[in-house]
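Reading the structure
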Amino acid sequence: MLGTVKESCMIQLRTHIRSLEREYRDLLQTHTLGQCARFLVETDSTNVQAMSWAQEGAAEGSLIFAEHQTGGKGRHGRIWEAQPSSNLLFSLILRPRLTPASLSLITIAASVALTETIETFIEPLTPAIKWPNDILVNGQKCCGMLLESASAINQQKKELPVVLGIGLNVNQSQFPESISSRATSLLLETGRHIPRIPLLTRFLEKLETIYYSITEQNTAPLLARYKSHLAFMNTNTTLTFVGRTDQVEGIIRDVSSTGALRLETKTGIQEFHAGEVTSQAQ
Ligand code: BTN
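Read on for a plain summary of the structure.

Reading the values: the criteria
Residues numbered from 1 in each chain as written. Predicted model: local features only at pLDDT ≥ 70, side-chain atom pairs only at ≥ 80, totals over all residues. Heavy atoms only, no water. Near = heavy atom within 4 Å. Polar contact = N/O pair within 3.5 Å; in protein donor to acceptor, adjacent residues only side chain to side chain. Areas by Shrake-Rupley, 256 points an atom, 1.4 Å probe, with all protein chains shown as cover. Helix = DSSP H or I, 4+ residues; strand = E, 2+ residues; numbered from the N terminus. Nonpolar A, V, L, I, M, F, W, Y, C, P; charged D, E, K, R; others polar. Buried < 20%, exposed > 50% of the residue type's maximum accessible area, 1.4 Å probe, protein only. Pairing = 2+ DSSP bridges. Axes fitted to C-alpha atoms, helices over the stretch in contact; angles between N-to-C directions. Contact = heavy atoms within 4.5 Å.

Taken together, 20 residues lie around the ligand, and Ser 45, Gln 69, Lys 73, Arg 75 and Lys 141 are the ones closest in. Here Lys 73 contributes a backbone N or O atom positioned 2.7 Å from an oxygen atom of the ligand. One nitrogen or oxygen atom from the main chain of Arg 75 is found 2.7 Å from an oxygen atom belonging to the ligand. The protein chains hide 98% of the 420 Å² of surface that the ligand would expose on its own. Mapped onto the shell around the ligand, the elements with two or more residues apiece are helix H2 (46-55), strand S3 (88-94), strand S6 (140-149) and strand S7 (162-168). The element best represented in the shell around the ligand is S6, accounting for 4 residues. Along the lines of polarity and charge, the residues of the shell around the ligand split into 6 nonpolar, 10 polar and 4 charged.

Before going further, it helps to examine the pairing of strand S10 (residues 261-265). The alternating pattern of S10 places Leu 261, Leu 263 and Thr 265 on a buried face, while none of Arg 262 and Glu 264, on the opposite face, is buried. Note that strand S9 (residues 247-255) and S10 share 4 bridges and pair antiparallel. Note that in S10 the partner of Ile 252 across the bridge is Leu 263. Once S9 ends, the chain turns through 5 residues before running back antiparallel as S10, passing Gly 259 with a positive phi of about 90 degrees. Both S10 and strand S11 (residues 268-272) contribute to a ladder of 5 bridges, which runs antiparallel. Of the residues in S11, the one forming a bridge with Glu 264 is Ile 269. Here S10 hands over to S11 after 2 residues, the two strands then running antiparallel side by side.

Spatially, the 7 strands line up as an open sheet ordered S1-S2-S3-S7-S6-S5-S4, and their pairing is mixed. The outermost strands of the open sheet, each flanked by one partner alone, are strand S1 (37-40) and strand S4 (128-130). Pairwise comparison of adjacent strand axes, ignoring direction, gives a mean angle of 20 degrees for this sheet. Where S3 lies against S7, 7 bridges are found, and the strand directions are antiparallel. Within S7, the position partnered with Leu 92 by the bridge is Leu 164. Lying over the sheet, helix H5 (residues 196-211) contacts S1, strand S2 (63-66), S3 and S7, oriented at roughly 25 degrees with respect to S3.

Next up, the structure:
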């Protein structure tokens, strides 16, 4: 009896994922990004799956989407939890013609593309980027990104695969108490159910345009767009560091061409490549 119930649930989930995939293929208008795609009912982590697919030779732009992750990975070794069948959980395999030192341009491009896409779905609300690449709506985090590269052995070698994993809380209706004061979803902020696949395909189209225009020699237009969406610009903030007790206070003044945060501190402008920003006004 129990076996039959489980089997029928599995059949329903497979039918559901096939219909999402059909909608995706009908809507997607990119040349490369997302053209090769795998849609999964459940996996450990789309980043883990994408990395092994990349190492087997997956083409640039290949995408893995999952309705549920049992081992979703966040930044700094954290876990990423998300309600099944409510959100966007996916990873893109890229083979950028950039040196490892410039890979932050990928997350900068993705933050811009996703912020500008989300904006069109949640009007009149405006999303903002919290440095380096969280997306906030009404000051709470709805999206995180995790960029992982295949190998750091040869620091000069270009076109090594990287995996860009994105978790966007779209229609999640509640969060565990431990994160409910910081996390949100587009549904919770707008009161509207947001169509996930149209959001995903429009993001891929926007990212494709930006991604193929990135060059290390001309980062200014992308950075200007990124800064125009940056939260807490010119305001007092505190920068904390994972695994450390010290913190730095200052005013966010700029972001460098490699994505470093330029903070005006008591001792002058300092650059940071990592850290967690909180606004002192919060
Ligand atoms: C963060 O900590 O803010 C980054 C979260 C990234 C989560 C996404 S969900 C899809 C992809 N697969 C993972 O295991 N992680 C990323």
